[in-house]
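Structural features, examined
Each chain, written out:
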Amino acid sequence: MNERLDILIFGAHADDAEIGMGGTIIKHVQAGLKIGICDLTYAEMSSNGTVERRKQEAAAAAGVLGLSMRSSLGLPDRGLFITPEHVEAVTAEIRRHAPRLVFAPYWEDRHPDHVACSKLVEEAVFNAKLRRYMPDKPPVQVEQLYFYFINDMGRADLMVDITAQQEMKEQALLCYRSQFEMTPVEGDTVVTPLNQGYVERVRSRDRLTGQRRLIPYAEGFAIKSPYVVDMFISGSL
């Protein structure tokens, strides 16, 4: 039987979610919520490391984050497209875990797979609620879809204070030695943007995000559907 989650996060590759919202994940796990990550691919096109090594690193990072589950759909790296098969695979994962909230990469990013992942998840969240779509599985109504930033920062509609979780977030990122360090793991290591101070740049971005509200470290998020509030200020005059 599949475990129901409070939050399900999708990324194109293992490490996407850690980069964009690792601190937020840890903060919600510490609050007692059940969080899961689904990586769409095995990142088999990565310049450094191997698929097996990346799986080990993802498992280690999941332990640091305190995830309830981590899965991979095994879709093709650099081959993510809005096809019925890919949408169905993501929709099935949403229905499998019936999360209240879903997170996906921001819809603009320098990596095409992050953009494709964003679109796939948006399609899947919509389809997950349709009872006649994949009728052998019960429909799931997701309360809200949020978008996190990986490489390129857009306008943040919301931010989460992760000051107390920043150190653990970086511990999770450093589990991916094959990606973020120049030390050879398997075979030769080539220079990429990821092993040229990328973790330090993520730290700087989290500081810059928090600066807007005088928070030492924060992660930003975007939404497409507006929040509903009853009142901005309650009370009587």
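Residues numbered from 1 in each chain as written. Predicted model: local features only at pLDDT ≥ 70, side-chain atom pairs only at ≥ 80, totals over all residues. Heavy atoms only, no water.

This next bit is on the overall build of the protein chain. A count of helices and strands for the protein chain gives seven helices and seven strands. Overall, the protein chain shows an N-to-C arrangement of helices and strands of β-α-β-α-β-α-β-α-β-β-α-α-α-β. A compact globule built from 237 residues would reach a C-alpha radius of gyration of about 18 Å, and the protein chain, at 18 Å, matches this within 12%. Projecting the C-alpha coordinates of the protein chain onto the three principal axes gives extents of approximately 65 × 50 × 30 Å. (Helix = DSSP H or I, 4+ residues; strand = E, 2+ residues; numbered from the N terminus. Rg over C-alpha atoms; globule rule 2.2 N^0.38 Å.)

Inspection of the secondary structure puts N151 in the loop between β5 (144-148) and β6 (158-161). Sequence spacing of N151 and G20 is 131 residues, and the spatial spacing of their C-alpha atoms is 8.4 Å. Apart from the residues within four sequence positions on either side, N151 is in contact with D109, R110, H111, H114, Y198 and R205. Within the local environment of N151, its side chain forms a polar contact with the side chain of Y198, the two groups lying 2.8 Å apart. (Contact = heavy atoms within 4.5 Å. Polar contact = N/O pair within 3.5 Å; in protein donor to acceptor, adjacent residues only side chain to side chain.)

Time to look at helix α2 (residues 51-65). Think of an α-helix as 3.6 residues a turn; residues three or four steps apart then line up on the same face. Counted at 1.5 Å a residue, the expected span for α2 with its 15 residues is 21 Å, and the 21 Å between its end C-alpha atoms agrees. All of the buried residues along α2 are R53, R54, E57, A58, A61, A62 and L65. At its buried positions, α2 is contacted by α1 (16-30), β2 (35-41), β3 (69-75), α5 (166-173) and α6 (177-180). Just beyond α2, the residue with positive phi is G66, at close to 80°. (Expected span 1.5 Å × (residues − 1). Buried < 20%, exposed > 50% of the residue type's maximum accessible area, 1.4 Å probe, protein only.)

Time to look at the packing of aromatic side chains. A full pass over the atoms with the stated rule returns eight aromatic pairs. A ring pair is formed by F103 and F221, whose centres lie 5.6 Å apart and whose planes are at 75°; its orientation type is edge-to-face. Placement of the pair is F103 in strand β4 (residues 101-105) and F221 in strand β7 (residues 218-222), with a sequence separation of 118 residues. Comparing F103 with F221, the two get one shared label, buried. Seen in terms of ring centroids, Y106 and W107 are 4.2 Å apart; in terms of plane orientation they differ by 40°. Their pairing is tilted. (Phe/Tyr/Trp six-rings, centres within 6.5 Å; stacked < 30°, edge-to-face > 60°.)

Every buried residue belonging to α5 is among Q166, K169, E170, A172 and L173, and all of these are buried. Looking straight down α5, one finds its buried side chains confined to an arc of 155°; they lie on one side. Buried residues along α5 sit against α1, α2, α6, α7 (198-211) and β7. (Arc of directions from axis to C-beta.)

So, on to the environment of S72. Structurally, the position occupied by S72 is in strand β3. For S72, a relative accessible area of 26% translates into the label partly exposed. For the pair S72 and E18, spaced 54 residues apart in sequence, the C-alpha to C-alpha distance is 15 Å. Those residues in contact with S72 that sit more than four places away from it in its chain are D39, L40, T41 and Y42. A polar atom in the side chain of S72 sits 3.2 Å from the backbone oxygen of D39. Within the local environment of S72, its side chain forms a polar contact with the backbone nitrogen of G74, the two atoms lying 3.4 Å apart.

Quick look at the sheet that holds β5 now. Strand pairing in a sheet relies on backbone hydrogen bonds. The paired strands run either parallel or antiparallel. Ordered by their spatial adjacency, seven strands build an open sheet running β3-β2-β1-β4-β5-β7-β6, and the pairing between neighbours is mixed. Edge positions in the sheet fall to β3 and β6, since each of these pairs with one other strand and no more. Recorded for the sheet is a direction-independent mean angle of 25° between the axes of neighbouring strands. In terms of strand pairing, β2 meets β3 through five bridges, oriented parallel. By the bridge assignment for β3, C38 is matched with S71. Packing against the sheet, helix α3 (residues 84-97) makes contact with β1 (7-11), β2 and β3, and its axis sits at approximately 165° to β3. (Pairing = 2+ DSSP bridges. Axes fitted to C-alpha atoms, helices over the stretch in contact; angles between N-to-C directions.)

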